[in-house]
Amino acid sequence: MSQMLPATISPTLFAERADAIAAAAAQLAAAGWTPATSSNFSMRRDDEHAAITISGRDKGCLSRGDIMLVDMQGHAVGTSARPSAETELHTQVYRRWPEMNVVLHTHSRTQSVASRLFAKDGVIRLKGWELQKAIAGQTTHDSELLIPVFPNTQHMPELVAQVDAWLDAGKPLHAYLIDGHGIYTWGRDMAETRRHLEALEFLLGCELDLRRLSA
C-alpha cells in the first residue's frame with residue numbers, strides 16, 4: 001500500500017524514522033522477542049504525528065513500506081494501511097510526555113511469563129538490583145522501581161484508562177506489563193528506549209530466577 005504523506009511531512013524525516021524502527025525491530029526479532037509478527041514499535045515524527053509499524057508484519061524483516069504515519073489520536077494518515085492494534089498505547093505516551101520520542105513493545109518469553117506470575121499482585125517491585133540505574137531517573141539500587149501489570153483486554157480504551165489512572169494517582173511510570181502479553185517502555189530516543197527494554201528484560205529474568213530458586 002502506498003502512502004501519500006501530507007505536504008507538511010518531510011519524506012526524508014519519515015524515511016529516517018522508518019529505517020530506525022526497522023533496524024531496531026530486526027535486532028529485537030533476532031533476540032526472539034517478537035514471535036509470530038507480535039510486538040509494535042513507534043517513533044514520534046512531530047507534535048502531531050508518529051511513525052508506527054503496520055499491523056501483522058514480520059518484525060524481523062521490516063522495510064519502509066511496513067511503517068506508517070498516524071496522528072496523536074491513532075488515526076492513519078495518508079494511507080489505508082491498518083496500524084498496530086495497540087496504537088493508542090503509543091500515542092498515549094507521546095501525549096502524556098512531550099519529551100518522549102520512542103515506544104517499544106515486545107513479547108519475550110521472560111516478559112510474558114513475568115506478566116502472568118505477577119498479575120495477581122498487579123505490580124512487580126524491583127529493588128536492590130544495580131541494573132535499575134539503567135532506567136532514566138533511577139540513581140541507586142536502593143530505590144524501588146515499580147512495574148505495574150495491567151489486566152489484558154482487546155478493548156484498547158480500557159488499557160489506556162488503566163495507564164491514565166496509574167499516572168493520575170501520581171505514581172511514576174517507566175514501563176508496564178500486560179497480563180499474558182508483553183512489556184511497554186519508552187524513552188527520549190531509540191538508544192535510551194533500547195537500554196530500558198534490555199535492562200527490564202534482564203531484571204524480570206532475575207526476578208523469575210529468584211522465584212524458581214526459592215520455591
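Per chain, the residues get numbers from 1 upward, laid out in the order the sequence is written. Side-chain atom pairs in this predicted model are given and counted only at pLDDT of 80 or more, local residue features only at pLDDT of at least 70, and totals for whole chains, interfaces and linings cover all residues. Side-chain measures were taken over the full set of non-hydrogen atoms in the model, leaving aside hydrogen atoms and water.

The nonpolar core is taken to be a set of buried Ala, Val, Leu, Ile, Met, Phe, Trp, Tyr and Cys residues, with the residues joined through side-chain atoms within 4.5 Å. Residue exposure (1.4 Å probe, protein chains only): buried if accessible area is under 20% of the type maximum, exposed if over 50%, otherwise partly exposed. One finds I124, I147, L177 and L200 to be the most contacted residues of the largest nonpolar core, which totals 36 residues. Counting from the N terminus, the helices are DSSP H or I runs at least four residues long and the strands are E runs at least two residues long. Contributions of two or more residues to this core are made by α1 (11-30), β1 (40-44), β3 (67-71), β5 (102-106), β6 (123-127), β7 (144-150), β8 (175-178) and α5 (190-214). Whether two residues are in contact is decided by their heavy atoms: any pair within 4.5 Å suffices. Filtering out sequence-adjacent residues up to four positions away, L177 remains in contact with Q111, A114, S115, I124, I147, P148, V149, F150, G182, I183 and L204. Listed in part, the 26 residues of the second largest apolar core include I52, W97, L167 and Y184.

Relative to the assigned elements, Q132 resides in the loop between β6 and β7. Accessibility expressed as a relative area gives 0% for Q132, which makes it buried. Polar contacts here mean pairs of N or O atoms no more than 3.5 Å apart (in protein, one a potential hydrogen donor and the other a potential acceptor; neighbouring residues in sequence count only if both atoms are side-chain atoms). Only 3.1 Å separates the side chain of Q132 from the backbone nitrogen of K127, close enough to count as a polar contact. Residues contacting Q132, with those up to four places away along its chain left out, are L126, K127, Q138, T140, H141, S143, L145 and L203.

Whenever a carboxyl oxygen of Asp or Glu lies within 4 Å of a side-chain nitrogen of Lys or Arg, that contact is scored as a salt bridge. Taken as a whole, this structure holds 13 salt bridges when the rule is applied. A salt bridge links D19 to R64; the shortest N-O distance between them is 2.8 Å. Taken as a pair, D19 in helix α1 and R64 in the loop between β2 (49-53) and β3 lie far apart in primary sequence, 45 residues in all. The shortest N-O distance in the salt bridge between D179 and R116 comes to 3.1 Å. You can see D179 sitting in the loop between β8 and β9 (183-187) and its partner R116 sitting in helix α3 (residues 109-117), a full 63 residues away along the chain. Judged by relative accessible area, which is 23%, D179 ranks as partly exposed. Looking at R116, the relative accessible area reads 57%, which means it is exposed.

Paired through their backbone hydrogen bonds, the strands of a sheet run either parallel or antiparallel. Between any two strands, pairing holds if DSSP finds at least two bridges. One open sheet holds the nine strands; their spatial order is β4-β3-β2-β1-β5-β9-β8-β7-β6, and the pairing between them is mixed. With partners counted over all chains shown, the strands left at the sheet margins are β4 (76-77) and β6, one partner each. Pairing of β1 with β5 involves four bridges; the strand directions are antiparallel. Bridge assignment links F41 to a residue of β5, and that residue is L104.

What follows deals with the environment of N101. Within the secondary structure layout, N101 lies in the loop between α2 (87-96) and β5. Linking N101 and W186, residues 85 residues apart in sequence, is a C-alpha distance of 7.6 Å. Those residues in contact with N101 that lie beyond four places of it in its chain are S42, M43, R44, Y94, G187 and R188. From its side chain, N101 meets the backbone oxygen of R188 in a polar contact 3.0 Å long.

For the rest of this paragraph, the subject is the side chain of R44. Positionally, R44 belongs in strand β1. Under this rule, positive means Lys or Arg and negative means Asp or Glu; His and the chain ends count for nothing. Of the side chains with opposite charge, D47 comes closest to the buried, unpaired R44, at an N-O distance of 4.4 Å. Within polar-contact distance, the side chain of R44 engages the backbone oxygen of P98 at 3.4 Å.

Turning next to the pairing of β2. Within β2, five of the five residues are buried, which leaves it mostly tucked inside the rest of the structure. By the alternation rule, side chains of β2 split into H49, A51 and T53 and A50 and I52, which are all buried. As paired elements, β1 and β2 share three bridges and run antiparallel to each other. Note that in β2 the partner of S42 across the bridge is I52. Where β1 folds back onto β2 in an antiparallel hairpin, the turn is made up of four residues. Summarising the sheet, β2 and β3 pair through five bridges and their orientation is antiparallel. By the bridge assignment, A50 is partnered in β3 with V70.

A separate point is α1. Expected helix span is given by 1.5 Å per residue-to-residue step, counting one fewer step than there are residues. The end-to-end C-alpha distance of α1 is 28 Å, a good match for the 28 Å that 20 residues give at a rise of 1.5 Å each. Residues of α1 that are buried include every one of F14, A15, A18, I21, A22, A24, A25 and L28, and no others. For α1, the elements touching its buried residues are β1, β2, β3, β5 and α5. Just past α1, the residue G32 takes up positive phi, approximately 85 degrees.

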